[in-house]
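Summary of structural features
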Amino acid sequence: MAKEHLKASENEAHRLSRRALLTGGAVGAGIGALLGGAGGVAGGYALAERDRANEPRFDPEAEPALTPSADREGFGGEALSCHGDHQAGIVTVPATHVRHIAYTLRPETDRAAIARMLRLLTGDIEALTAGVAPLADPEPELAERPARLTVTLGVGAELVDRVDPAKRPAWLAPLPAFTLDQLGNGFDGGDLLLIVQADDQLPVAHAARMLHRDLDRFAEVAWVQEGFRQARGAEAKGATMRNLMGQVDGTVNPAPDDADFDSLVWVDSAAGQPWLVGGSAFVLRRIRMELDTWDRVDRPGREQTIGRTLADGAALSNPHGGENAPADFDAKNALGLPIISSAAHIRRATSQDPSERIVRRAVNYDTGHEAGLLFGCYQRDPLRQFVPIQRRLDEADLLNEWVTHTGSAVFAVLPGFRSGETLGAALLA
Amino acid sequence: MFITHRTQRSRRAAVGLAGAAAAFALVLAGCSSSSAPENSAQEQSAPAAETGVTASDMWVKATAPDVQPGEAMSGVFGTLENHGDEDLVITSLKSDVAGVTELHEVVDGKMRKIEGDVTVPAGGKLQLEPGANHIMLMDIQQPLSPGDDVTITLTFSDGSTLEIVALVKDTSGANESYEDIEMDHGDMDMSEGMDMSGDADAMSHG
């Protein structure tokens, strides 16, 4: 492991020196300062880079010539690169804390202002995620330990319309109404979305504050929805999270290694919106849980509702097969009844059409007055992916007695960017 | 135009490049592009890399969006670093947005023009910070909008010049008021002039 670190550190130094060469060498002293932490480089940035290296087509050569400026050993020192084909925070390791912040553009924020806004956000995101204070940060010390901070940027219909209505995909609009929805609580829509994630709440708060300082001129906060999962280190690496009803939540999620992952998640050129190629569609649903009435349900009833065991999320058709054994929806019990109920959540959520799937990235929320799930999901086209799934659930799902959708928003998540590029540049091209 | 905008990260390198390139060009070309202060660059025999001053993390405080031409003022902040072995005095400053560009200091909470030499020490830094030394832009002709760039050109005692590209950012800090309202700019209240928060409720919501 130490050897790997050393190698990663050398690579980092190589990239830095190459960049210095390309840019005239005048930044030499700055690089010296950046590398001044010596061994610390490997402990933080390079470690996290390996995490991103699992992503398909992750290109370490495209990484920025930026590395934490000090020793970043230990929890919280890790930085995830914001650069790549796709924005960080979508398939990067799930974070402990996730803050979704939606903004409404001010009336005067026109196309030119949107371009300036994206330029500011790009610089802020590059600095913050690397553990470096963005320009004009009056509290630079708060940026020093990013704890895998990511900031993922999505744009709403109104923002795209102000740039060019012809660039708005058909799905970038409020979702069709579902009969059980109870929306209108201030958690719907939005012109711009920031998804700020980290394993520590402090860098989340600082990043949100820095981004807000720069956004304030252009937009005002529409809503904030903050969620969490079990803290990193408190559960096994790669564990599927549990929601506040106690269920293992997120099994059979498409993974980046899957052959069809790209076709499920990333917008491609066939969609006719070149500016969004490499981006994705993000749907956020606020799902309130009725924990008081859920408390009345005994354990077998709870398992029947979902179709999985509470212990480890195994399908009831094969309760000792573990979380990842496929569910057998045809399995019958001794009485000839389906083992997985006809209205069990997993049966209703499962489509026969393999293209009708989404990548879930949900987190729990608990305001003290209300608890539930911030159901975030990525896909190419919500109208063909999220909507048919939710239609089936809306129609029949045993779980509906204890959950209600109370907020709904759709955003186009911008494609990734590289060092020297600006987030959303293709939208404004 | 948008695509060619540099982001903050590359800005640091780009500024550094401008510094080195400018110094290098001056040594070779004899300062043909500058206003040729007393010390001709031709007299400098040291290699460019040893006389170069670089700028990093440069930013400018945005102005209100509705300021009238000539009314607005602002500050430029960041770090100047002298990589050479000779102290360099800043002999002149100009910018593409302001009628007057000066070096200012803040003493006892009051801002004033620095009288006398401002030196970027050999092998050392000059920090430009809110509440301390900074470059003051006065007689600004157009509002400085967040996300735009401002270019400031510094000339040093060895005849070299440094072109600084600074990103305009909003801040509600950097509100020092002038020590002496009888200075060059009449009775304008500088603290008001430096209030760049734009509309009054911009800073007040969540």
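Residue indices follow the written sequence of each chain, beginning from 1 at its first position. All chains are assigned letters beginning with A, and all ligands numbers beginning with 1, in the order in which they are written. Since the coordinates come from a predicted model, pLDDT governs what is reported: local features require at least 70, and pairs of side-chain atoms require 80 or more to be given and counted, while whole-chain, interface and lining totals use all residues.

Describing the overall build of chain B
A run of DSSP states H or I qualifies as a helix once it reaches four residues; a run of E qualifies as a strand once it reaches two. Both are numbered from the N-terminal end. Each helix and strand in chain B was counted, giving three helices and 11 strands. Secondary structure elements of chain B, listed N to C terminal, follow the sequence α-α-β-β-β-β-β-β-β-β-β-β-β-α. Partly exposed residues are those falling between the two cut-offs: more than 12 but fewer than 20 other C-beta atoms within 10 Å of their own, whereas 20 or more means buried and 12 or fewer means exposed, with C-beta atoms placed from the backbone. Taking all 206 residues of chain B together, the buried fraction comes to 46%. Whether two residues are in contact depends on their C-beta atoms, placed from the backbone: they are in contact if these lie within 7 Å. Considering only intrachain contacts with a sequence separation of at least 6, the fraction spanning at least 24 residues in chain B is 74%.

Some remarks on the overall build of chain A
Tallying secondary structure elements over chain A gives 12 helices and nine strands in all. Taken over 429 residues, chain A has a buried fraction of 52%. When contacts within chain A are restricted to residue pairs at least 6 apart in sequence, long-range pairs at least 24 apart make up 76% of them.

Details of helix α9 (residues 299-306) of chain A
An α-helical turn contains 3.6 residues, so a residue and the one three or four places further along point in the same direction. Residues and elements named next belong to chain A. Taken residue by residue, α9 has E303, T305 and I306 as its buried positions. With its buried residues spanning 155° around the axis, α9 presents them on a single face. Exposed residues pointing more than 90 degrees away from the buried face of α9 are listed as P300 and G301. Each element contacted by the buried residues of α9 is listed here: α10 (345-349). One or two positions beyond α9, positive phi appears at G307, with a value near 100°. Working note: the arc is built from the helix axis to C-beta atom directions.

Things to note about the UniProt feature "domain: Dyp-type peroxidase N-terminal" (unreviewed entry) in chain A
UniProt positions are given in the numbering used here, feature names are shortened, and annotations may be inferred rather than shown by experiment. Taking the numbering used here, the UniProt-annotated feature "domain: Dyp-type peroxidase N-terminal" (unreviewed entry) corresponds to residues 87-229 of chain A. Here residues 87-229 of chain A runs as 29% helix and 22% strand, with 21 Å between its end C-alpha atoms.

Remarks on helix α6 (residues 201-215) of chain A
The span you would expect from a helix comes to 1.5 Å times its residue count less one. Given a rise of 1.5 Å per residue, 15 residues ought to cover 21 Å, and the 21 Å separating the end C-alpha atoms of α6 of chain A matches this to within 8%. Along α6 of chain A, the residues classified as buried are P203, V204, H206, A207, A208, M210, L211, R213, D214 and L215 of chain A. Next to the buried residues of α6 of chain A lie β1 (97-105), α4 (111-129), β2 (150-155), β3 (192-198) and β4 (219-228) of chain A together with β10 (161-169) of chain B.

Side note on the confidence of the model for chain A
Mean pLDDT over chain A: 87, with 83% of residues reaching 70 or higher. The pLDDT score gives, residue by residue, the confidence of the prediction method on a 0 to 100 scale. Scored below 50 in pLDDT, residues 56-71 of chain A shows 48 contacts in the model against residues more than four places distant or in partner chains.

Here's the deal with the pairing of β2 of chain A
All names here are of chain A. For β2, a buried count of six out of six residues is recorded, marking the element as mostly surrounded by other parts of the structure. Along β2, one buried face is formed by T150, T152 and G154 and the opposite face, lined by V151, L153 and V155, is buried too. Sheet analysis places β2 next to β3, joined by six bridges and oriented antiparallel. When the bridges of β3 are listed, T150 appears paired with Q197. Note: two strands are recorded as paired if DSSP finds a minimum of 2 bridges between them. Relative to strand β9 (residues 403-413), β2 runs antiparallel, the two being bridged by two bridges.

Description of unusual backbone geometry
Residues and elements named next belong to chain B. Positioned with a positive phi, D57 is a non-glycine residue whose angle comes to about 55°. The residue D57 is located in strand β1 (residues 53-61) in this model. On the basis of neighbour counts, which here come to 23 C-beta atoms within 10 Å, the residue D57 falls in the buried class. Residues other than glycine seldom take positive phi values, yet D139 does so here, at roughly 55°.

Observations regarding the environment of G307 of chain A
Residue and element names in this part refer to chain A. Checked against the element boundaries, G307 lands in the loop between α9 and α10. Taking C-alpha positions, G307 is 6.9 Å from S341, a pair spaced 34 residues apart along the chain. Those residues in contact with G307, other than ones at most four positions away along the chain, are A315, L316, A327, I340, S341, A344, H345, I346 and R347.

Some remarks on the packing of α4 of chain A against α6 of chain A
Residues and elements named next belong to chain A. Packing of α4 against α6 leaves a shortest axis separation of 10 Å and a crossing angle of 160°. Our classification of the angle between α4 and α6 gives roughly antiparallel. Considering how the two elements wind past one another, α4 and α6 form a crossing that is right-handed. On α6, the residues touching M117, L120, L121, D124 and L128 of α4 are A207, M210, L211, D214 and L215. Classifying every residue of the contact of α4 with α6 gives eight nonpolar, no polar and two charged. Only C-alpha atoms enter the line fits that serve as axes; for helices the fit covers just the stretch in contact. Angles between N-to-C directions range over 0 to 180 degrees. Oblique is the label for every angle not falling under 35 degrees (roughly parallel), over 145 degrees (roughly antiparallel), or within 65 to 115 degrees (roughly perpendicular). Here a crossing is called left-handed whenever its near helix is offset anticlockwise from the far helix by less than a right angle, and right-handed whenever the offset is clockwise. Under this grouping Gly is polar, as are all residues other than the nonpolar Ala, Val, Leu, Ile, Met, Phe, Trp, Tyr, Cys and Pro and the charged Asp, Glu, Lys and Arg.

Remarks on the pairing of strand β3 (residues 88-95) of chain B
Residues and elements named next belong to chain B. Where β3 lies against strand β6 (residues 119-120), two bridges are found, and the strand directions are antiparallel. Bridge pairing in β6 links L88 to V120. Pairing of β3 with strand β9 (residues 149-156) involves five bridges; the strand directions are antiparallel. By the bridge assignment for β9, L93 is matched with L154.

Details of the domain arrangement of chain A
All names here are of chain A. Domain ranges listed in this record stem from an automatic or a database domain assignment. Looking at chain A, the domain boundaries give domain 1 (2-233 + 257-278 + 413-428) and domain 2 (291-409). Listing elements by their share of the side of domain 1 that touches domain 2, those giving two or more residues are β1, β4 and α7 (261-265). A per-element tally of the side of domain 1 that touches domain 2 places β4 first, with four residues. Here the residues of the side of domain 1 that touches domain 2 are counted per class, giving 18 nonpolar, eight polar and five charged.

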